[in-house]
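Residue-level listing of the chains:
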Amino acid sequence: MKDLLLYLLPIVILFIGGFTLMLVDAFQKEEGGLAVPTAMLHFAAAAAALALWPYAGNAADLARAQVAFNGWLAFDRTTLFLDITIALGGGLTTLLAGSYLAEHKLERGEFYTLITFASAGCMMLAGATDLIMLFIGLETLSLGVYALTGFRRTSARSQEGALKYFLLGSFAAALLLYGSALLYGMTGHTDLAGIRDALGRAVEMPAIAGQEGAAQFVAVQQTVRDRVTILAMVLVVAGLAFKVGSVPFHMWTPDAYEGAPTPATAYMAVTVKAAAFGAMLRVLIGVFGDTSGPASLAGGWPGLLVWLAVLSMLIGNLVALAQSSVKRMLAYSSIAHGGYILAAFVVAPRAESLAGGGGSVGQSAAAAVLFYLLAYTVSNVGAFGALILAGSRGKEAVSYEDLAGLGKRHPAVALALSFFVLSLAGMPPTVGFFAKYNVIRSAIEAGYPWLALAVVINSAIGVYYYLRVMVKMYMHDPQPGAVRAEPMSSPGISLTLIATAGMVLALGMMPQRFYGYALEAVKLAAAPIAAAPADAPPANAN
Amino acid sequence: MQLVPTLIQALTAVDTAGSLSLRYQYGPIFAMLGFALVVAGAVFSLATFLGPKNPTPEKLIPYESGSPTTGAKHVRLSVKFYLTALLFVVFDIEAVFLYPWAALYQSLGWQGFVEMFVFLAALSIALIYCWKKGALEWET
Amino acid sequence: MSAVISSLAQVTPQIGNLVSAHPDRYFVLGLILISPLLGAIINGFFGKKIGREGVYITAVATVGMSFLFSLFAYFTLYKTAHAPVAEGAAHGPAQLSYVVWDWFRAPVGAGTVQLKLRYVLDELSGVMLLVVTGVGTLIHIYSTGYMSHDEGYARYFAYLNLFMFSMLNLILGDSMVLLFVGWEGVGLCSYLLIGFWFTNTQYATAGKKAFIVNRIGDVGVILGMTILAWKTGGFEFAKIRDALNVDGSNALTALNEKPEFNDVVAYFLSFGRTDSKVFEFWMKVIPEFSWGGAACFFLFVGCTGKSAQLPLYVWLPDAMAGPTPVSALIHAATMVTAGVYLLCRLSFVYVHFPTVMAIIAVIGALTALFAASIALVQNELKKVLAYSTVSQLGFMFAACGVGAFSAGLFHVYTHAMFKACLFLGAGAVMHACRDKQDLRDLGGLKQFTPHTFRTFLIATAAIIGTPFVTAGFYSKDEILFRALASQNANHAWVGKFVFAALVAGATMTAFYMCRLLFLTFWGEFKGWSLNKEDYPNYVEPSHDDHGHGHDDHGHGHGKPWDPPHENPPVMYIPLYVLAGMSVIAGFVGLPYLFTHKESVWGQWLIRSTEHTGKPITEWNLVMTEPRVHSAEITAMAAGFAAFAIGLGLAWWIYLSQKGEPARKLSSSMRPVYQLLVDKWRVDELYDFIIVRPLRFASEFAARVIDRWLIDGLVNLVGIIPRAFGALARKSQTGVVHTYGAVIALGLAGMFGWVVFLPTAAISARADGGERVTVEVHGGPNYAYAWDIDGDGEFPAEFGTETRQSGTCRKLESPDGRNVCRVSVRVRNAFGHISTISRVIELPASESGSR
């Protein structure tokens, strides 16, 4: 129990904090004022994860955590890295929300409760090593995010986005659940390690051994099991791909992103994505990516992800090109960014050793995923934050036209937005450059030069629409008489922007160090994921 | 009708003679399935073919306690019903969860006790929240 | 001193770092760099707030601090270099370094490319550091007097400090990347300072010209840097050097590789006429350019831009539009020598490419001659000095080109002293005479401005190479001697040619400098005898035109023809320091003839600049003592003759005959004279062959290409997103059913993919010879049939083994690569089969077929 609380500290903090927030919200006389405590809660969770970082390097602690979690959750540096990313994304978006909701007269306490529980769900999803836990985490975060999407109750758009997200999300969750059920049916395990090991073993059928046709029977059983497993894997991939908004499961994103209040959009774009990619990392690489076993690459999921990655990049970028709303452009570009991350996934199962990086090709690719998530979190929160700051009630900055001439009206906001947009476009020395660079590098190392080329070409397309934001702000004047965005004044958002800008710059200035942390996280994740059940008892043997 | 067996056939077909497994393991299930389909089909078709058919307008209108039907088919219900239903579901599940806990109370020991109370506390907070927010009040 | 240092060293480990030169932790280098930057920031952002005094103090103090730190660092370096070592052990390289931060590291090919912000002080950068910070400090002090009446003082000092920071980056950076950052930084500051009085269009144009010409050079630098890094696997100088120092190293082989398109280039350069002599010529010349040669050549192109060599020198004379101290600091003493510094820095690369060296030597010598010829007849004080600078830079490049890098750098050092002194003296003259700088108006100034006269006289004595007592004599002599003694491995005539040209150049230098001196300081001051009408170029100083130089330094009694007045001490004290240095600076480089040992200078730089055994410096081996002596005596005699002829001629023409012979000569040889006055009409030539065609092309582009092609393209670009938008709107119907259907379709596609298209990750490894090991990862219940030997035949049986070794037959590859192909047929769990293959690179050495 004590161990459980210790190793789960980030999640525990968020849950207890969430309940406290509920009570405070229920009993306080006036709405509002919860943003800063919620953000602090997230930052406390991040700090807790940071404090646990050394423990995660310690074998004794890892073993104790494994016993305490009973195989449901992983306590390792991958989890902690993702926890930090999630908590950071959640905390920063909460700070944005504080000013945004007040400005737009949406201030209601449940926003903070929802976001806190959703963050806890994200952490559960990111750390899950059991399909049931994975599903619980997914649902916890999803329910919170559905509600956040529909938070503007009076806006039909918001309601529509939320409903669509909910319906399709349920569909996707059903796919995931169906895949999980099939995996359980085929292996008798819900824990990932158990599934992996069961898939590695041949089907046993001792009861009929020696009977006529028994060998044939076993062969058929084997065939059925492997075929069903492969299809189950596809279902699981589809369920998770929905959450990251990858093509062809992306259709909900523009509606939901546009309908949601902007801080919630930022939250969906960064935090939910981080959690879902974390789960993908565990399921695909942990279960199906073990190159040493016969279950490796079950049916070529890398081949599948190549398509998802390329399609996501291409469609995300091309449709983003055509948008006239900046918010919608950011939504589509987040699909494209998902594609870049998926490109790193494709090469992740390589175990060949890598020149100079200190890990295998696969580890460096997985580290590239983690680094990208962190980079995308800070850059994107900043971009959304600047977009929020650029508008005020009734004069929101939504379309490119709203931004025209902002460079003259409010140079500081324009500068901030330009900076984050440059990072998203991948310009050095911002972190966006190194995030993409790592992905491209791992693709080349793993022998997928054309995939690297696809990333490069798509980044170039991306530069076009990102730069358009800057062109609008600095080189165009607003149409006479048009409604134009009036920047609001908000110390909270300004502070958030300064903090994120600092992080974008710091990560860009010391990419090696942070990439090193990511690599360390991945390497130390290898231990629990690869731990054979021979030395650790199967967690929930039925 | 042939869809499910065909699918399963497709799923299990191998180079070697694979029909063995179908007979061997899934045979009873398919037999059961076939039996159920036959019986259900038979009952319905018998009723359709053998039963006397003598429709009149009065017989075809929806039956509503003898009085004529009014209004549209889709009635909008107050959202309050849903709220109440949701709360009911939550506490329903709580009750379902409490039964096995109570049955195993002895063997779970203190840890089980604490865990259940954490669960109950969480639900209580939710209840308090709903209460304070006015979700339990019908007239607002 | 050393006792103090060592006792300090025991006090704290931090101070210990200062003297013990802990690798990469010598943070004094950081202090040297940061203090001018700090000054730039303070002056740039708070200049108006802290006032004139504050700006002066900030600017001078930060640069002065930088100089003091430099001195300290230099002595530490000296101590490290001369630290006692074990008997018989060789001295390691003297080097202090400081890593500010490790930016990032990327595996490229076999190696790792690191991007570190690392600064290194070694013998070479140490010398440059002292020159730059020392001269820089003096000029900052001088500027406080010179700019005392200018409104833009804060901006001026901010730029000047920023320039110092960039220049220090250039010098101390340990990699080509940092050097390039500094290179661009000094270019930017130069541009800003040339156009400092930007309200004057002509000055702004001069700034623009400098900017554009330097961009042409920058393309060369980028190309050269890229090729060098690509072929040697690194940007750091030390790394390239280490890579090259291994005998038969891969890096050297890579540099010596010839590009594959030599004949193509020759074809284009001879306009497609392969039967012509031109083609033959190019075919003879171009193949001499390996990748390394090309890199060196392109870098040299960059140097011709920055250091004002033929044909890119045109910006420097115009750059004199800037304030005179700027001309002294940037356009004479420091920035323009960056090219020489770059050549010295990369001398270990250059010595491998004799043809490029020959080009450098010839270009340098021609520049020296050419610029000196223009300087003969110029009438503006600063113009003469500008062409003189170009000419002297030519001397330095010629020295580098004949392999005498240390001699080139020696000239950089002495030239910095006397040319800075001359420019500052010119500034003092202009300051004294209300911005008049036409030689025809000056004269007789020695009685009005005695300090300026004395220092100017000494500096002139130095530049014309007054034997035995001045620095200029020793550095010029060293260059002449080394040119005469050099033997270029490919082009033996280069040494003699360079020698002859430089002697001629030195003669002209002596003549025009003496002419300048005599016309300025001897004779009568003509300002009084001139009427304003007689002198149409004179611009009436107006008090509302503040931006225009020193027209108004408000003495209260503002008649146009006041007698010239001596300047305040802040201006003439730096002059004395520089004049003193112009004399004593030379004694560190006493010739071998006198001392019979390597000079202090040559000894100090021997590791950085002498690369014996390489083709270009074989003179070092073949020269025996008598031959050294004879060459040295010849060189010294030639230098002496140049000095004597130039001085004597000038004396006779301008002092004895009061300029009469010059007037006669100019009228009798009118065309030649006019050509020289018009600076060989190079600007006009450039206008004709570059500017006008460019203008025509741009007009054409604007009229035709832009209107038709670009507009069309832009419209097309507009159409494509719109088309996608339409498509997107079509697909994004907003109807949930459609969304669900797309998901279902996508899922079906994914199912189809895994069922019908078996894939597997394939990885292969060459085990030596033609042995390879192949590994595939498909999935559960996958089976494989292997074709390792590449004959295209697969066994009928599929097996579940995921790894196979075998012998792989080499492919006939058109580009001569040593490769083979392995293929695997993959049968997936659903019984579908596909084939995947991989081309493997075999190790070259063991195949034995090459």
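Just so you know, these numbers come straight off a predicted model, no measurement behind them. Position labels on residues start from 1 in each chain and follow its written sequence. For naming, the first written chain is A and the first written ligand is 1, with later ones following in the order written. Only residues with pLDDT of 70 or above have their local features reported here, since the model is predicted, and side-chain atom pairs are shown and tallied only from 80 upward, although totals for entire chains, interfaces and linings are computed over all residues.

1. Points about the overall build of chain C
- We count a stretch as a helix when DSSP gives it H or I for four or more residues in a row; a strand needs E for two or more, and each element gets its number in order from the N terminus. Along chain C, the regular secondary structure elements total 33 helices and eight strands.
- Put simply, of all contacts in chain C between residues at least 6 apart along the chain, 74% involve residues at least 24 apart. A pair of residues counts as a contact when their C-beta atoms, built from backbone coordinates, are within 7 Å of each other.

2. Re the overall build of chain A
- The number of helices and strands found in chain A is 22 helices and zero strands.
- Sequence-distant contacts in chain A: of pairs separated by 6 or more residues, those separated by 24 or more amount to 80%.

3. Some remarks on the sheet that holds strand S7 (residues 819-827) of chain C
Residues and elements named next belong to chain C.
- Judged by pairing direction, the sheet is antiparallel, and its three strands sit side by side in the order S5-S7-S8 without closing on themselves. Among the strands making up the open sheet, the edge pair consists of strand S5 (783-787) and strand S8 (833-841). Between one strand and the next, the sheet's axes are offset by a mean angle of 25°, whatever the strand orientation.
- Inspection of the sheet shows S5 paired to S7 by five bridges, in the antiparallel sense. Across the sheet, the residue bridging to Ala783 is Arg827, located in S7. For two strands to be treated as a pair, DSSP must find no fewer than two bridges joining them. Here, axes are lines fitted to C-alpha atoms. For helices the fit covers the stretch in contact, and angles between N-to-C directions go from 0 to 180 degrees.

4. Thoughts on the sheet that holds strand S4 (residues 771-777) of chain C
All names here are of chain C.
- Read across the open sheet, the three strands follow the order S3-S4-S6; overall the sheet is antiparallel. Each edge of the open sheet carries a strand with a single partner, namely strand S3 (761-768) and strand S6 (803-807). Ignoring which end each strand starts from, the neighbouring axes of this sheet average 20° apart.
- The sheet contact formed by S3 and S4 spans seven bridges and is antiparallel. Each residue of the ladder has a partner; that of Ala764, found in S4, is Val774.

5. Re the packing of helix H4 (residues 79-103) of chain B against helix H5 (residues 105-133) of chain B
Residue and element names in this part refer to chain B.
- For the pair H4 and H5, interaxial distance at closest approach is 11 Å and the crossing angle is 170°. By the angle between their directions, the pair H4 and H5 is classed as roughly antiparallel. Taking contact as the criterion, the partners of Leu87, Val90, Glu94, Trp101 and Ala102 in H4 are, on H5, Tyr105, Gly112, Met116, Leu123 and Cys130.
- The residue classification treats Ala, Val, Leu, Ile, Met, Phe, Trp, Tyr, Cys and Pro as nonpolar and Asp, Glu, Lys and Arg as charged. All others, Gly included, are polar. Across the contact of H4 with H5, the residue classes break down as eight nonpolar, one polar and one charged. Put simply, angles under 35 degrees are roughly parallel, angles over 145 are roughly antiparallel, angles from 65 to 115 are roughly perpendicular, and the rest are oblique.

6. Examining unusual backbone geometry
- For the peptide bond that leads from Val247(A) to Pro248(A), omega is 5°, which places it in the cis range.
- Within the secondary structure layout, Pro248(A) lies in the loop between helix H10 (214-244) and helix H11 (252-259).
- Going from Leu310(C) to Pro311(C), the amide bond is cis rather than trans, its omega being -5°.
- The backbone phi angle of Ala308(C) is positive, close to 55°, even though this residue is not glycine.
- One can find Ala308(C) in the loop between helix H12 (291-306) and helix H13 (315-318).

7. Some words on the packing of helix H15 (residues 338-345) of chain C against helix H18 (residues 381-401) of chain C
Residue and element names in this part refer to chain C.
- At a closest axis distance of 10 Å, the pairing of H15 and H18 adopts a crossing angle of 10°. With respect to H18, the axis of H15 lies roughly parallel. For the pair H15 and H18, contact is made by Val340, Leu343 and Cys344 and by Met396, Phe397 and Cys400, respectively.

8. Observations regarding the confidence of the model for chain A
- The predictor's confidence in any single residue is recorded as pLDDT, a number from 0 to 100. Taken over all residues, the pLDDT of chain A has a mean of 84, while the share at 70 or more is 91%.
- Here residues 526-542 of chain A is modelled with pLDDT under 50, and outside its nearest four sequence neighbours on either side it reaches 26 contacts, counting other chains as well.

9. Description of the pairing of S7(C)
- Relative to S8(C), S7(C) is paired through nine bridges, and the arrangement is antiparallel. Directly across from Cys820(C), in S8(C), lies its bridge partner Ile840(C).

10. Some points on the nonpolar core
- By convention in this section, buried Ala, Val, Leu, Ile, Met, Phe, Trp, Tyr and Cys residues joined through C-beta atoms within 7 Å make up a nonpolar core. Each residue is classified by how many other C-beta atoms fall within 10 Å of its C-beta atom, where C-beta atoms are placed from the backbone; a count of 20 or more means buried, 12 or fewer means exposed, and values in between mean partly exposed. Core analysis: the biggest nonpolar cluster contains 237 residues, and Val369(A), Tyr372(A) and Leu417(A) have the highest contact counts within it.
- Top contributing element to this core by residue count: helix H15 (residues 361-389) of chain A, with 21 residues.
- If we skip the residues at most four places from it in the chain, Tyr372(A) touches Tyr340(A), Ile341(A), Ala344(A), Ala435(A), Asn438(A) and Val439(A).
- Counting 226 residues, the second largest nonpolar core, distinct from the first, contains Tyr142(C), Met430(C), Ala471(C) and Val583(C).

11. Examining the confidence of the model for chain C
Residue and element names in this part refer to chain C.
- Of the residues in chain C, 80% have a pLDDT of 70 or more, and the chain-wide mean is 78.
- A low-confidence stretch, residues 530-536 (pLDDT under 50), is modelled with four contacts involving residues beyond four sequence positions or located in other chains.
- In the model, residues 613-624 has pLDDT below 50 throughout and makes 25 contacts with residues more than four positions away in sequence or in other chains.

12. Some remarks on helix H4 (residues 123-146) of chain C
- A helix is expected to span 1.5 Å for every residue after the first. Here H4(C) is 24 residues long and its end C-alpha atoms lie 34 Å apart, about the 34 Å a rise of 1.5 Å per residue gives.
- Burial within H4(C) is extensive, with 23 of its 24 residues counted as buried.

13. A few points about H5(B)
- The end-to-end C-alpha distance of H5(B) is 34 Å, clearly below the 42 Å that 29 residues give at a rise of 1.5 Å each.
- The term bend refers to the angle at a residue between two fitted axes, each drawn through seven residues, those ending there and those starting there. For H5(B), the principal kink sits at Gln111(B) and spans about 75°.

14. Some words on the environment of Ala56(A)
Residues and elements named next belong to chain A.
- In this fold, Ala56 is placed in the loop between helix H3 (35-52) and helix H4 (59-69).
- Looking at Ala56, the number of C-beta atoms within 10 Å reads 25, which means it is buried.
- C-alpha of Ala56 to C-alpha of Leu80: the two residues are 24 residues apart in sequence and 8.3 Å apart in space.

15. Focus on the environment of Phe798(C)
Residue and element names in this part refer to chain C.
- By secondary structure assignment, the location of Phe798 is in the loop between S5 and S6.
- Given 16 C-beta atoms within a 10 Å radius, Phe798 is considered partly exposed.
- Each C-alpha atom, one on Phe798 and one on Arg827, is 7.8 Å from the other, the two residues being 29 residues apart in sequence.
- With residues near it in sequence (within four places) discarded, Phe798 still touches Ala783, Tyr784, Ala785 and Arg827.

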